[in-house]
Amino acid sequence: MRSNGFDLPLHPLQCLTWALFPVVLADFYWLLLPLLNPVARWVVGAVYTAAAAATFFCAWITAAVDPRDPHVRPRGDRRRASDDDDDDDEPIGRLHE
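Let us look at the structure shown here.

Calculation criteria
- Residues numbered from 1 in each chain as written.
- Predicted model: local features only at pLDDT ≥ 70, side-chain atom pairs only at ≥ 80, totals over all residues.
- Heavy atoms only, no water.
- Axes fitted to C-alpha atoms, helices over the stretch in contact; angles between N-to-C directions.
- Helix = DSSP H or I, 4+ residues; strand = E, 2+ residues; numbered from the N terminus.
- Parallel < 35°, antiparallel > 145°, perpendicular 65-115°, else oblique.
- Contact = heavy atoms within 4.5 Å.
- Nonpolar A, V, L, I, M, F, W, Y, C, P; charged D, E, K, R; others polar.
- Phe/Tyr/Trp six-rings, centres within 6.5 Å; stacked < 30°, edge-to-face > 60°.
- Buried < 20%, exposed > 50% of the residue type's maximum accessible area, 1.4 Å probe, protein only.

## Re the packing of helix H1 (residues 12–32) against helix H2 (residues 38–64)
Move 1: Close contact between H1 and H2 brings their axes to 12 Å; oriented N to C, the two are set at 170°. Put simply, H1 runs roughly antiparallel to H2. On H2, the residues touching Gln14, Trp18, Phe21, Val24, Leu25, Phe28 and Tyr29 of H1 are Val44, Gly45, Tyr48, Thr49, Ala52, Thr55, Phe56, Ala59, Trp60 and Ala63.
Move 2: Split into classes, the residues belonging to the contact of H1 with H2 amount to 13 nonpolar, four polar and no charged.

As structure tokens, then:
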């Protein structure tokens, strides 16, 4: 079982996303940014750089976290269904605690 998004095998769309992100950045910096006047080039370039860095950081964190819910019982816990009906302190099914 995979423990995070970086464990092999990688999903093809994940590989495509990580491969195309630098291409999109290069297109912006080498093709679109030079078309702007010098003042707008610095402002737009700074905003785009901050947005790209935030996107990369959030994508890295999202792929690095363990997606398993810590509140779900492990597979070895085989209680009877009648035991689960009376157990109100179980967080299963709750969104927030």
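## What about the packing of aromatic side chains?
Aromatic ring pairs are reported here in terms of the distance separating the ring centres and the angle at which the planes meet.
Move 1: One pass over the full model with this rule turns up eight aromatic pairs.
Move 2: Between Trp18 and Trp60, the ring centres sit 6.1 Å apart and the planes meet at 85°, which makes this aromatic pair edge-to-face. Of this pair, Trp18 sits in helix H1 while Trp60 sits in helix H2; the two residues are 42 residues apart in sequence, bridging distant segments of the chain.
Move 3: When its relative accessible area of 28% is taken as the criterion, Trp18 is described as partly exposed.
Move 4: By relative accessible area, Trp60 is classed as partly exposed at 43%.
Move 5: With 5.9 Å between their ring centres and 40° between their planes, Phe56 and Trp60 make a pair best called tilted. With Phe56 and Trp60 both in helix H2 and four residues apart, this pair spans about one turn of that helix.
Move 6: A residue is classified by how much of its surface remains accessible, and Phe56, at 37% relative accessible area, is partly exposed.

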